[in-house]
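Fold and contact review
Residues per chain, in single letters:
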Amino acid sequence: MRLESPAKLNLALHVLRKRKDGYHELCTLFHRISLRDTLCLQKRRSGIRLSCFHPKVPKKNNLVVRAFELLKTETQFSGGVSVRLIKRIPVGGGLGGGSSNAGAFLLGMNRLFRLGLSQSKLVKLGARLGSDVPFFISGARHALGEGRGEKVRPVTFRRRLWFLLIRSGRGLSTRRVYQGFRPKSPRASLTRVEHGVKIASTFLAKGKVAQASEFLQNDLVESAERMRPSLMRMRAQLSDTQLGTCHMSGSGPTQFFIFLSRKQALQALQKLRRSGFSRSIFLCHSF
Ligand code: C5P
């Protein structure tokens, strides 16, 4: 069985407060994109065998392996599976690659072994693996995420947006970026923040990127930039190109620009190259 495992962008990410369980309460706007990994599943007698040529993909504590263990302990499942993972989503980039792999794997296993697990059971299992996994299980293209990100509310969104994703060196640890977050005072209320995110979403749906961008903020930027000061320099450099606002996804370090067409995105890519920007840049769209 061949499965697509797409990445996500957090078009906006507001951190409301730190919770007693150590997680942070969020209001985020998830958007599924065409940059994707592929998973191939094949039945085997028992256990899991994961193969992946990408050097940065963890083999031991991989979320796919943990999803397999969870299926064994929490459901009637007792078989085995070989998984081949073709990795294209940057690892530790704030694009949810590992969570997407786990989500696709759970959905795929449910079909391959006819486990009969309901969507809500899969979401519950997914939430135990990571805060972003339920978004991928939901199948939504565009959604509000609340709680620690696991409470997903799909939002209708018909427009295809285009993105340039700019990588910045090695990945960042999500846990460490959250640890470095410094709460704002006064604390933002969920109602107000959610209102802003919905306005941004409506502007985007109408193709008003500049207006939307004023509402698309990511509260983890400062922490990520404190951990990696070169990110701040890169943001300044990207702003100088005047291609619009440069945003950061999740806990970073991937930054992105939003466009309304492939043509606009390609022109921007040429401009970035002409201004000497040599980092890896991905062109992708809503998916
Ligand atoms: O949920 P996930 O395993 O992806 O989160 C990784 C780490 O990021 C958590 O252990 C936690 O430190 C931090 N985190 C957080 N608040 C969230 C999501 C993640 O503090 N809403």
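Remember, predicted model here, so these are calculated numbers, not experimental data. (Residues numbered from 1 in each chain as written. Predicted model: local features only at pLDDT ≥ 70, side-chain atom pairs only at ≥ 80, totals over all residues. Heavy atoms only, no water.)

Structural notes on the site of the ligand
- Taken together, the residues surrounding the ligand are Gly22, Tyr23, His24, Leu26, Gly130, Ser131, Arg148, Thr174, Arg175 and Tyr178.
- Contact between the ligand and His24: an oxygen atom at 2.7 Å from a side-chain N or O atom of the residue.
- One nitrogen or oxygen atom from the main chain of Arg148 is found 2.9 Å from a nitrogen atom belonging to the ligand.
- For the ligand, whose unbound accessible area comes to 450 Å², protein coverage reaches 76%.
- Among the detected pockets, the ligand sits in the largest pocket.
- For the shell around the ligand, the secondary structure elements donating two or more residues are strand S2 (24–44) and helix H5 (174–179).
- In terms of residues, the shell around the ligand owes the most to one element, H5, which gives 3 residues.
- Taken together, the residues of the shell around the ligand sort by class into 3 nonpolar, 5 polar and 2 charged.
- Counting only domains with at least three residues in the shell around the ligand, you end up with domain 1 (2–154) and domain 2 (162–285). (Near = heavy atom within 4 Å. Polar contact = N/O pair within 3.5 Å; in protein donor to acceptor, adjacent residues only side chain to side chain. Areas by Shrake-Rupley, 256 points an atom, 1.4 Å probe, with all protein chains shown as cover. 1 Å grid on protein atoms, 1.4 Å probe; cavity = no way out; pocket = protein on both sides within 12 Å on 5 of 7 lines; lining within 4 Å. Sits in = over half its atoms within 2 Å of the grid points. Helix = DSSP H or I, 4+ residues; strand = E, 2+ residues; numbered from the N terminus. Nonpolar A, V, L, I, M, F, W, Y, C, P; charged D, E, K, R; others polar. Domains from an automatic or database assignment.)

Digging into the sheet that holds strand S9 (residues 255–259)
- Taken in spatial order, the 4 strands of this open sheet run S8-S9-S7-S10, and their pairing is antiparallel. Only two strands of the sheet have a single neighbouring strand rather than two, namely strand S8 (247–248) and strand S10 (281–285).
- Here strand S7 (residues 162–166) pairs with S10 via 5 bridges, running antiparallel. Among the inter-strand pairings, Leu164 is bridged to a residue of S10, identified as Leu283.
- Helix H10 (residues 262–274) rests against S7, S9 and S10 of the sheet, and its axis sits at about 25° to S7. (Pairing = 2+ DSSP bridges. Contact = heavy atoms within 4.5 Å. Axes fitted to C-alpha atoms, helices over the stretch in contact; angles between N-to-C directions.)

Some remarks on the pairing of strand S6 (residues 151–154)
- As judged from the 4 bridges shared by strand S5 (residues 142–147) and S6, these two strands associate in the antiparallel manner. Across the sheet, the residue bridging to Leu144 is Arg153, located in S6.

Points about the side chain of Asn110
- Relative to the elements of secondary structure, Asn110 occurs in helix H2 (residues 97–112).
- You can call Asn110 buried: its relative accessible area is 14%.
- A polar atom in the side chain of Asn110 sits 2.9 Å from the backbone nitrogen of Leu117.
- With sequence-adjacent residues up to four places away left out, Asn110 is seen in contact with Leu115, Gly116, Leu117 and Leu122. (Buried < 20%, exposed > 50% of the residue type's maximum accessible area, 1.4 Å probe, protein only.)

Brief notes about the packing of helix H1 (residues 63–74) against helix H3 (residues 119–129)
- As a packed pair, H1 and H3 sit with axes 10 Å apart at the nearest point and diverge in direction by 130°. The angle between the axes of H1 and H3 places the two elements in the oblique class. The element H1 and its partner H3 pack so that their crossing is right-handed. Residue-level inspection shows Leu63, Arg66, Ala67, Leu70, Leu71 and Glu74 of H1 in contact with H3, the latter providing Lys121, Leu125, Arg128 and Leu129.
- Partitioning the contact of H1 with H3 into residue classes produces 6 nonpolar, no polar and 4 charged. (Parallel < 35°, antiparallel > 145°, perpendicular 65-115°, else oblique. Left-handed = near helix turned anticlockwise from the far one by under 90°.)

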